[in-house]
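One letter stands for each residue in the lines below.
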Amino acid sequence: MPEGPEIRRAADRIEKQIGGKVLDDVWFAFPELASQAGSLIGVKVVAVDTWGKAMLIRFADKRVLYSHNQLYGVWKLHAEDNLPSTSRSLRVRLVAEGRAASLYSASDISLWEESSLAHHPFLARLGPDLLSQQVSSGDVKQRLLMPEFKRRSLGTLLLDQGLVAGLGNYLRSEILFFSQLHPKQRPSDLTDEQLSTLSSHIVEITRTAYRTAGVTNQEAWIEQAIASGEPRRQWLFSVFERAGLSCHRCGSVIERMMVGSRRLYACPQCQPSP
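Below: a short report on this structure. Just so it is clear, the model here is predicted, and its values are computed rather than measured. (Residues numbered from 1 in each chain as written. Predicted model: local features only at pLDDT ≥ 70, side-chain atom pairs only at ≥ 80, totals over all residues. Heavy atoms only, no water.)

## A look at the sheet that holds strand E4 (residues 63-68)
The antiparallel open sheet is built from 4 strands, whose spatial order is E2-E3-E4-E8. The outermost strands of the open sheet, each flanked by one partner alone, are strand E2 (45-51) and strand E8 (108-113). Sheet twist, expressed as the average angle between the axes of neighbouring strands with direction ignored, equals 20 degrees. Across 5 bridges, the pairing between strand E3 (residues 54-59) and E4 is antiparallel. Note on E4: the bridge partner recorded for methionine 55 is serine 67. (Pairing = 2+ DSSP bridges. Helix = DSSP H or I, 4+ residues; strand = E, 2+ residues; numbered from the N terminus. Axes fitted to C-alpha atoms, helices over the stretch in contact; angles between N-to-C directions.)

## Notes on the side chain of lysine 21
Relative to the helices and strands, lysine 21 is located in the loop between helix H1 (4-18) and strand E1 (25-28). No salt bridge is formed by the buried lysine 21. Its closest oppositely charged neighbour is glutamate 97, at 4.3 Å. In terms of polar contacts, lysine 21 uses its side chain to reach the backbone carbonyl oxygen of glutamine 17, at 2.9 Å. Discounting chain neighbours no more than four positions away, the residues touching lysine 21 are Lys16, Val43, Lys44, Val45, Ala96, Glu97 and Arg99. (Buried < 20%, exposed > 50% of the residue type's maximum accessible area, 1.4 Å probe, protein only. Lys, Arg positive; Asp, Glu negative; His and termini not counted. Salt bridge = Lys/Arg side-chain N within 4 Å of Asp/Glu carboxyl O. Polar contact = N/O pair within 3.5 Å; in protein donor to acceptor, adjacent residues only side chain to side chain. Contact = heavy atoms within 4.5 Å.)

## Concerning the packing of aromatic side chains
Under the defined criterion, the tally for this structure stands at 8 aromatic pairs. On the basis of an interplanar angle of 85 degrees and a centroid distance of 5.2 Å, the ring pair of phenylalanine 237 and phenylalanine 240 is categorised as edge-to-face. A network of ring pairs unites the aromatic residues Tyr170, Phe237, Phe240 and Tyr265 as a single cluster. Taking the ring centre of phenylalanine 177 as reference, the NZ or CZ of arginine 249 above it sits at 4.3 Å. (Phe/Tyr/Trp six-rings, centres within 6.5 Å; stacked < 30°, edge-to-face > 60°. Lys NZ or Arg CZ within 6 Å of the ring centre and 35° of its normal.)

## With respect to the pairing of E4
Consecutive residues of a regular strand have side chains that alternate between opposite faces of the sheet. Counting buried positions over the 6 residues of E4 gives 6, a clear majority of the element. Between E3 and E4, which follow one another and run antiparallel, lie 3 residues, and lysine 62 among them has a positive phi close to 75 degrees.

## Concerning the environment of isoleucine 14
Its place among the elements puts isoleucine 14 in helix H1. For isoleucine 14, a relative accessible area of 1% translates into the label buried. Discounting residues that sit within four places of it in the chain, isoleucine 14 has contacts with Gly19, Val48, Met55, Ile57, Trp75, Leu77 and Ala101.

## Some points on a negative patch on the surface
A surface patch of like charges, here negative, comprises Asp24, Asp25, Glu80, Asp81 and Glu97. One can find glutamate 80 in the loop between strand E5 (74-79) and strand E6 (90-96). (Patch = residues over 30% accessible without salt bridge, like charges linked within 9 Å, V, L, I, M, F, W, Y side chains within 5 Å. Areas by Shrake-Rupley, 256 points an atom, 1.4 Å probe, with all protein chains shown as cover. Charge placed at Lys NZ, Arg CZ, Asp CG, Glu CD.)

## So, the sheet that holds E1
Pairing within the open sheet is antiparallel, and its 4 strands lie in the order E1-E6-E7-E5. Since the sheet does not close on itself, it has two edges, and those belong to E1 and E5, each with one partner. Strand after strand, the sheet turns through a mean of 15 degrees between neighbouring axes, direction not considered.

The following block contains the structure:
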């Protein structure tokens, strides 16, 4: 499933395609939305943003189109008269000034009044979004110490969208590696300095992944990995997808483990078990 940085980048592309433009045509596949399609024609798209892994297309009449791609949904951008060649099922099409944004295969789509969006059953459970909202490392540190989070292992906590929205599997491994923390450690186990380091990396690595289209590795390590013949899927990351390879920092062999049902990568030397 795409993580927060990938959804935020998709939102940027949609905003470039139809943002600030008045809708000329609107089509919805689901009957409960199809009856409202006509009321959006002639309405301007004022912003496209995200909250975690959810896309929010905001209209000038204070309505918001919510969508969540889940595993299979995908947005395709195209000219109005040049439809994408795909076997996927069309769910949403928004057209403005000859340009279109089409959502395929997603099933979690709804239209909301902006004033009631906070009551959405999914959004209401989310923590702050690191890419679309003003969130500092200090804010994240405070959240890590909240009663509902501070005694949970980091390996599971960093995937909890209630802590902060948008983190996923590769970001979890990268954040823990750069913070030099083991997934079994808990916020309540950490020193103040460790908490500050972890909080900073949660914010900085997520924003780096957004700016670089998913690259979280350091430049010197990337050059070293490319020189040794590593494929792109490995040199993108400092530790994720690198099981059996040498740690960039210490040379130990990177290990792959399962935390819950998800794979996690760590260096046994840099991230010793508590």
